[in-house]
Structures are given as C-alpha cells and as structure tokens.
Amino acid sequence: MEEVKSGLENVVVLETGVSSIDGTEGVLRYRGFDINDLVYLPYDAVSYLLIRGKLPDDNELAVYSATLNEKRELGEYVQNVVRACNFNIEAMDALRTTISYMSHCDPDLNDNSEEANLRKATNLIAKFPTIVAAFSRILKGETPVSPDPTLSHGANFLYMLRGSKPTEIEAEAMEKDFILSAEHELNASSFASRITASTCSDLYSAIITGICTLKGPLHGGARMEVMNMLDEIPAPEAAEAYVLEKIANKEKIMGFGHRVYMTQDPRTIIFKVLAKQLAESKGETQWYRTAENIENTLFAEFMGKRGKPLYPNVDFYSGVVYKYLEIPPRLATAVFAAGRISGWIAHCMEQYSDNRVIRPRAKYVKPAKTLKA
Ligand code: CMC
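Definitions and cut-offs
Each residue is numbered by its place in its chain's sequence as written, counting from 1. Local features are withheld for residues below a pLDDT of 70 in this predicted model, meaning they are given only at 70 or higher, and side-chain atom pairs are given and counted only at 80 or more; totals for whole chains, interfaces and linings count all residues. Only heavy atoms go into the side-chain values, all of them from the structure, while hydrogens and water stay out. Note on pairing: DSSP must find at least two bridges between two strands before they are called paired. Note on conventions: DSSP H or I runs of at least 4 residues are helices, E runs of at least 2 residues are strands, and numbering of each starts at the N terminus. Domain extents, as shown, originate in an automatic or database domain assignment. Two parts placed together each lose some accessible area under a 1.4 Å probe, and the buried area is that loss summed for both. Here, a salt bridge means any side-chain nitrogen of Lys or Arg that lies within 4 Å of a carboxyl oxygen of Asp or Glu. For this analysis, a polar contact is any N or O atom pair within 3.5 Å, provided that within protein one partner can donate a hydrogen and the other can accept it, and provided that sequence-adjacent residues contribute only side-chain to side-chain pairs. The contact rule is simple, with two residues in contact once any of their heavy atoms fall within 4.5 Å.

1. Things to note about the sheet that holds strand 1 (residues 19-22)
The three strands lie next to each other as 1-2-3, forming an open sheet whose pairing is antiparallel. One side of each edge strand has no neighbouring strand; the edge strands of this open sheet are strand 1 and strand 3 (33-34).

2. As for the domain arrangement of the chain
Under the domain assignment, the chain is made up of domain 1 (18-213 + 338-353) and domain 2 (222-324). Computed over C-alpha atoms only, the centres of domain 1 and domain 2 are separated by 26 Å. Regarding the contact of domain 1 and domain 2, the summed buried area is about 1600 Å², with carbon and sulfur atoms giving 68% of it. Taken together, domain 1 and domain 2 are joined by two salt bridges. Counting every contact that joins domain 1 to domain 2 gives seven residue pairs in polar contact (both at pLDDT 80 or more). Elements that contribute at least two residues to the side of domain 1 that touches domain 2 include exactly strand 1, strand 2 (27-30), helix 1 (35-38) and helix 8 (168-180). Per element, the largest residue contribution to the side of domain 1 that touches domain 2 is six residues, and it comes from helix 8.

3. Here we look at the side chain of Ser-19
With respect to the element layout, Ser-19 can be found in strand 1. At 2.6 Å, the side chain of Ser-19 and the side chain of Glu-183 are in polar contact. In terms of polar contacts, Ser-19 uses its side chain to reach the backbone amide nitrogen of Glu-185, at 2.9 Å. Here Ser-19 is in contact with Arg-29, Tyr-30, Arg-31, Glu-183, His-184 and Glu-185, once residues within four sequence places are set aside.

4. Observations regarding the pairing of strand 2
Note that strand 1 and strand 2 share four bridges and pair antiparallel. Following the sheet pairing, Ser-19 is matched in strand 2 by Tyr-30. From the end of strand 1 to the start of strand 2, which pair antiparallel, there are four residues, and Gly-26 there has a positive phi angle of about 75°. Of the strand pairs in this sheet, strand 2 and strand 3 are connected by two bridges, and their pairing is antiparallel. Each residue of the ladder has a partner; that of Tyr-30, found in strand 3, is Phe-33.

Quick look at the structure:
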C-alpha cells in the first residue's frame, strides 16, 4: 500500500473549478478571479460567482440580492429554535442546531437536484447572519432585530446584531470579511462537506458537516482564540513576552501558520489594512498595535531559530477586525461560517454534479494503546 501522508499534506484528492491557491506566490482566486479584485464587489456578487460559476450582470445581481432580502427573516418557528439555544454556548452550536431544524421544514430536503439545491442555497446564505445576530441578542436578553432590505449583506448583519446601522467603514469591513471568508479551496470544512455530499446525502447535512468541522481551533475556531488572546494581553508592550512564553511552553499561537501558504496569506494583507483603518477611525489603536507586536515577535523568533518565518493566517487580523466591529468572541466562528457558506455550497454542488463517493484507504497497524474497560 502507498505511503501514509499525515494530515493528507499535499495530497491532491480532486479537481475543482471553485477556487485555487498559489501557496508560493500567495495568490487566492475564486473561479479564476483574484480576491484582491473581488473585495471591491458586493458579497452577493461573489456568492453568485462561487455558486453559479460566473459573475452576475446587473439584472442577475438585482434579482439575486432581492431573493436574499426576501429570505433573511427567520420566521416564528426558526426564531423559536434560536431562542431554545439560549445557553452559555458558542454561536456555532446554535447555528448547527438551527440549520438542522430548518432542514425538517424543507419539503425538498432529500431532493438533490440543481434546482432544489439552488433554492436551498439562497435560503441558507440569507439566513446564516440572521441566525447569528438573533442568537447574540437573545443571549443578552434583547429582542432580535429584523433585517433592513436597504442594507448590504455585511451591513445588515451588523445592523441586526446591534440594532443600529453601522458606519460606512464598519459596513465595508464586514462586507469584505464575508468575501474573504467565503472560500478557500479544499480546507478541512469544505472537504468534510464534500465527503457528506459524495454519499448523496442532502445539502443541509453537508452544510452541518462544514459547521462542525469549521468549529475546531485548528480551523475557523482560531478566530475566537485570537480575540481571547487580545483580551488577555494588557498592552501592546506586553505582547512580546506573552508570545515568547507560549512558544517556550511549546504552545501554538492562534491565527498563525498555514498548511498551504509558504508566504503571506493574501487575505491577511487585506485584513491587516482593514484592522488599521478601523483602529484609526475609532481612535483606539491598542488591539492593532498589540497584534502587530505579536506578528513582529513571531516573525523574528521563527526567522532567528528556524530560518523561516511564521506568518499570520486569515484568522489573525480578521480577529482584530472583529474586536473593532464589537463582535463578541463567541460569535466569531459563526460569523466566519456566514461567509464560508457560499464556498461550502459551491463545493457541494460541484460534488453532486460529477459524483463519486469519497472513500480513501487506511493502513492497518497494531493499536498503539488499548483503553481501560
Ligand atoms: N504557533 C506556534 N508554532 C506553530 C504554529 C503556531 N500557530 N503553527 C505552526 N507552528 C509550528 C509547529 O509547532 C510545527 O513545529 P515542529 O515542526 O517543531 O513541530 C511547525 O510549525 C509545523 O506546524 P504543524 O502544526 O505541523 O503544521 P500543519 O500544517 O499541520 O498545521 C495549522 C497548520 C494552521 C493547523 C497550524 O499552523 C496551527 O495549528 N496554527 C494555529 C491554529 C490556527 O491558526 N488555525 C487557523 C488555520 S488557517 C485558517 C482556517 O483554516 O481557519
């Protein structure tokens, strides 16, 4: 049998037209378009591109955005499920439960036709941010806020979260966050979703698989840990000692390192600019300066000791952006999911359209340890 590749590192398991990463040059493209260009479009256009494979014209975008607007409201039953999730949990857990409930209400649950899945896709993309915002407000004893059809996808989320409209720069940062979080080739959660889809299970089940996989701290959960780290470090000057102690204790610094990028993650560069703009616009630069000190310390430490740098990944400066957007840490991974939903759906639809069940092999070895009875 072939050599085992730990963590499937550098194993190419399928062909995709959804996105591509050049890890050496630090380039990420969705459907052939560089993310540095896509961040200037509305999230709706990028979501359309990912799922349908082409950018919408003005009319197609207007129709798509109008459909998303129609579907943003949760309705009484779904909102009651969010209410029932009023526990000291992460928004990801509430999202998982609510999407599972939504699947029971869909008469086309097990219809995997393209038509049915496109309809489910719009419903899921529209409702993810509403669920996260409603969960947050319910947890704080506040009434959920209805979406405002005049606002963009990103601005709407902040409006439903806070009950007041965000500033222009906040709205722009949120929209860009959703775009930059939307897709990333065969990351763990997209791969997991595709595995579920490959068994011809339904789209909701595949998306729930994605939610469950994104939650882990080695994947999307790192964003929440970055926010917690920023809370733990009392001042920018304390950042160096904080991270060096963690490194000395062989602990990982959340929001750093990547399996694929050998250079700067192109999303991080954009998030860093957004974090700086938000910090300056609010006249509160402490988190940004702390983050920069963490980045510089790790760069120098890894260059010095290993001869190669450790770069921040997408979760690092996005975590700083969330601090400035006043997004509570327990929401962070679910907000990431509210962007990534478009990528998950694009991958699942690609899988359904040309399917072969994903079933690799394992090499049997004697158990390393046995469990006590
Ligand atoms: N802090 C300290 N050391 C690190 C870090 C880090 N964040 N990341 C990697 N290293 C070291 C690691 O200790 C290892 O050293 P050694 O060879 O001496 O054991 C070496 O670099 C290679 O790391 P690895 O964990 O074997 O690399 P991987 O490709 O298996 O894992 C990773 C990639 C992203 C899971 C890992 O870098 C990590 O755990 N980072 C922290 C969690 C994180 O930020 N996750 C978000 C991932 S990117 C966005 C997303 O998916 O949401």
